[in-house]
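# Coordinate inspection notes
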Amino acid sequence: MAVLDSISTGKRSVADRPPPVPRKRYPKWATRAPLLPALIFLIIVTQLPFVATLVISFMKWNSLDPAGRGFAGIDNYVNVFTDPDLRSSVVNTIVLTASVVLISLLLGLGLALLLDKKFAGRGFVRTMLIAPFLVVPVASALIWKHVLYNPEYGLFNGVLNWLGFDAQPDWISTMPMTAVVASLVWQWTPFMMLILLAGLQSKPVEPVEAARIDGASPFQVFRYLTFPHLRQYLELGGLLGSIYIVQNFDAVFTITSGGLGTANLPYMIYQTFYQAHEYGEASAAGVIVVAGSIVIATFALRVVSSLFKEAK
Amino acid sequence: MKRRLTEGFVLIIAAVVAFPLFWMVLSAFKPEDEIISADPVPWTTRPTLDSFTRALTVANFGRYFLNSVIVALVVVVLSILISFLAATALTRFRFRSRTTLLIMLLVVQMVPVEALTVPLFFLMRSVGDSVPAFGLNHLGSLVLVHLAFSLPFAIWMLRGFVAAVPVELEEAATLDGASRFRFLWQVLFPLVAPGLVATSVLSFIHAWNDFLFAKTFIISAVENQTLPLALQVFVKPDQNDWGAIMAGSTLMTIPVLIFFMLVQRRLVSGLAGAVKG
């Protein structure tokens, strides 16, 4: 996380300082050679394709019309921003990512705090709580769509029935976005919980004991000791969660098939590319996603860290 | 008293959270008429393996299963080796542009896959022209992309672990006459094992769960599809085979569960180590 801190604060943290040079000097190539496999591989599989995306995004290219291929200028970008479907998919991606990350971080924090206490059967409870993270996302989406949400034989309506309610709502068509968010929160809360639990368990015990003896209330202990310690774990969880949820395709594809106003960017790009064969437009959308996520990540990290700096 | 209350509270939450999974396994064992009954009951009096048989025979699940296992394991082994080397270079040696490289890794991780699907599709298609095993419709193409997307995170996480090993140890090993190579594989590698475990779980889950690339790269070669796609075989517009879907989902969850159980203890300390870096 040292990298993150140095990006967000503009300062180099202690951990980021290069380690002391070993007594024996290695030749230049020997110090860098171990890095090469990773570097070359990443450049070929992620960097070059991204450059290609950039190039294609300025081209007019539809595979159904190979003769019409050519330079398009910023037409694709204009299309992306003016096409109401694409525009709403940008909004959907933001809403989906923000709500899933925030809700699952909050729930994960609550669960991690509960699990941090010692009690009988803690291991068992922890395994049960982690379980949703271990289910393959497509399977999880199918479970939510049919086992829980289904209006005829779904569990939710079964429970409503059993409790004596007559209402048998069709969950997915009445609240499509909430349905997708709920299923993703269920999957991601365990992940956040794991990261925050790791943070809680690496926390030194002595300061808490000292604070207790000095008469600090449990809330004060949380506010001034636990929370600042957890800060970078919250950041890590939020960052990783956003990275993965911005890319979510499985849940949207399975639960709503992008219908009912839930199509997010990955789904939209999938459609533009594989069904409409508009390679240029799909690439432009991809570039916008990258730009957007870098801006948001940098901005969010700065805001979060400065908030904490003031609180300290 | 207060403690008992908390315990009960946690237990109830855990039960609610895990309930859909219980339901998934239960549905896999239920006979077909009970699954779509309007009065679902949380038990079954007539457990049956029919759904599992259908999943394994009709959809050739075994084949898909094997494909998924191959892809995930190859990705895990390669990412451990490559990220270990890279993390060592990034923490142990100082050279110009070290910080830049670290930040670059972070940025790579932040590039959402959807931005790369289009060119990756073309890349894999041209790779396939010269090396068919790594081109479209082959498992190799999946290995390549999953490796690329799990490496940055793995390197980043391992950094903390390598940094935690004291430099004195390396000096001692050198004084005792150990070669560079020997130090790397016989001293450092075992010492960062907890970190390797934590990263391998995430690489495994990443490759195992993938749906987007499996769907876009494996187009016509049905025999090379992976599990998440196999599930869709049972989803039909008119008549879904729920028993088989749930049986398939249950089977898919088992390897992840086993893998996770094996490394559970180390995972939490592994994640903590990643932040310390």
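Counting of residues starts from 1 at the beginning of each chain's written sequence and follows it residue by residue. Think of it this way: whatever chain is written first is A, whatever ligand is written first is 1, and the rest follow in order. Reporting in this predicted model follows two pLDDT cut-offs: at least 70 for local features of residues, and 80 or more for side-chain atom pairs to be given and counted; totals over whole chains, interfaces and linings ignore these cut-offs and use all residues. As a convention, hydrogens and water are excluded, and side-chain values are obtained from all of the structure's heavy atoms.

The next thing to look at is the overall build of chain A. The numbering of helices and of strands both runs from the N terminus, where a helix is a DSSP run of H or I of at least 4 residues and a strand a run of E of at least 2. Along chain A, the regular secondary structure elements total 15 helices and two strands. Burial analysis of chain A (312 residues in total) assigns 52% to the buried set. Whether two residues are in contact is decided by their heavy atoms, any of which lying within 4.5 Å being enough. If you take every contact in chain A between residues at least 6 apart in sequence, the share linking residues at least 24 apart comes to 67%. All accessible-area figures derive from a Shrake-Rupley calculation using a 1.4 Å probe, and residue coverage is judged against the displayed protein chains alone. When the accessible surface of chain A is totalled, it reaches about 14500 Å², and 68% of it is carbon and sulfur. Under the scheme applied here, a residue whose accessible area is under 20% of the maximum for its type counts as buried, over 50% as exposed, and between as partly exposed, the area being computed with a 1.4 Å probe on protein chains only.

Take the pattern of salt bridges next. As a working rule, side chains carrying opposite charge can pair if their charged atoms are close by. Residues and elements named next belong to chain A. Salt bridges, as used here, are contacts in which a Lys or Arg side-chain nitrogen is within 4 Å of a carboxyl oxygen on Asp or Glu. Under the definition given, this model contains one salt bridge over all chains. With a shortest N-O distance of 3.5 Å, Glu-235 and Arg-231 are connected by a salt bridge. Of this pair, Glu-235 and Arg-231 both sit in helix 12 (residues 218-246), four residues apart, roughly one helical turn. Glu-235 gets classed as buried once you look at its relative accessible area, which sits at 7%. According to the relative accessible area criterion, Arg-231 is buried, its value standing at 9%.

Right, let's talk about the confidence of the model for chain B for a bit. The predicted coordinates of low-pLDDT regions are not to be read in fine detail. Residue and element names in this part refer to chain B. For every residue, the predictor reports its confidence as pLDDT, a number between 0 and 100. A residue-level look at chain B finds 82% of positions with pLDDT of 70 or above and a mean pLDDT of 77. Mean pLDDT across the elements of chain B ranges from a minimum in helix 5 (residues 98-110), with 68, to a maximum in helix 4 (residues 61-92), with 86. The ipTM, which scores confidence in the relative placement of chains, is 0.74 for this predicted complex, and the corresponding pTM is 0.76.

Our next topic: the nonpolar core. One broad rule of soluble globular proteins: the nonpolar side chains tend to lie buried together. Nine residue types can take part in a nonpolar core, namely buried Ala, Val, Leu, Ile, Met, Phe, Trp, Tyr and Cys, and a core is a set of them joined through side-chain atoms within 4.5 Å. Within the largest apolar cluster, 176 residues are counted, with the highest numbers of intra-cluster contacts made by Leu120(B) and Phe217(B). When neighbours within four sequence positions are excluded, Phe217(B) is seen to be in contact with Leu120(B), Phe121(B), Met124(B), Leu136(B), Asn137(B), Ser141(B), Leu142(B) and Val145(B).

This part takes up the packing of helix 7 (residues 137-148) of chain A against helix 10 (residues 176-201) of chain A. All names here are of chain A. Running from N to C, helix 7 and helix 10 point in directions that differ by 135°, and their axes come no closer than 10 Å. Judged by the inter-axis angle, helix 7 sits oblique to helix 10. Handedness of the crossing formed by helix 7 with helix 10: right-handed. The residues of helix 10 that touch helix 7, namely those facing Pro-137, Ser-140 and Trp-144, are Ala-182, Ser-183, Trp-186 and Gln-187. Polar here means any residue other than Ala, Val, Leu, Ile, Met, Phe, Trp, Tyr, Cys and Pro, which are nonpolar, and Asp, Glu, Lys and Arg, which are charged; Gly is therefore polar. A breakdown of the residues in the contact of helix 7 with helix 10 according to their chemical character gives four nonpolar, three polar and no charged. Only the stretch in contact is used when fitting a helix axis, every axis being a line fitted to C-alpha atoms; angles between N-to-C directions are given from 0 to 180 degrees. The labels follow the angle: roughly parallel below 35 degrees, roughly antiparallel above 145, roughly perpendicular from 65 to 115, and oblique for the rest. Note: crossing handedness is left-handed where the near helix turns anticlockwise from the far helix by less than a right angle, and right-handed where it turns clockwise.

All names here are of chain A. Running from N to C, helix 10 and helix 12 cross one another at 150°; their axes reach a closest spacing of 9 Å. Taken together, the axes of helix 10 and helix 12 are roughly antiparallel relative to one another. Here helix 10 and helix 12 pass one another in a crossing that is right-handed. Between helix 10 and helix 12, the contacting residues are Trp-188, Phe-191, Met-192, Ile-195, Leu-196, Ala-198, Gly-199 and Leu-200 on the first element and Thr-226, His-229, Leu-230, Tyr-233, Leu-234, Leu-236, Gly-237, Leu-240, Gly-241, Tyr-244 and Ile-245 on the second. Partitioned by chemical class, the residues of the contact of helix 10 with helix 12 number 14 nonpolar, five polar and no charged.

Like-charged residues are merged into a patch within 9 Å and nonpolar side chains (Val, Leu, Ile, Met, Phe, Trp, Tyr) within 5 Å, provided each residue has over 30% relative accessible area and no salt bridge. There is a patch of nonpolar side chains on the surface, built from Leu36(A), Ile40(A), Ile43(A), Ile44(A) and Leu48(A) and spanning about 430 Å² of accessible area. Tracing the backbone through its elements, the reader meets Leu48(A) in helix 3 (residues 36-57).

Before going further, it helps to spend a moment on helix 3 of chain A. All names here are of chain A. Here helix 3 contains 22 residues, and its C-alpha end-to-end distance of 30 Å stays within 8% of the 32 Å for a straight helix at 1.5 Å per residue. To get the bend at a given residue, fit one axis to the seven residues ending there, fit another to the seven starting there, and take the angle between those axes. Along its length, helix 3 shows its largest kink, about 40°, at Ile-43. Of the positions making up helix 3, those classed as buried are Ala-38, Phe-41, Leu-42, Val-45, Thr-46, Pro-49, Thr-53, Ile-56 and Ser-57. Helices are assigned an expected span. That span is 1.5 Å times one less than the residue count.

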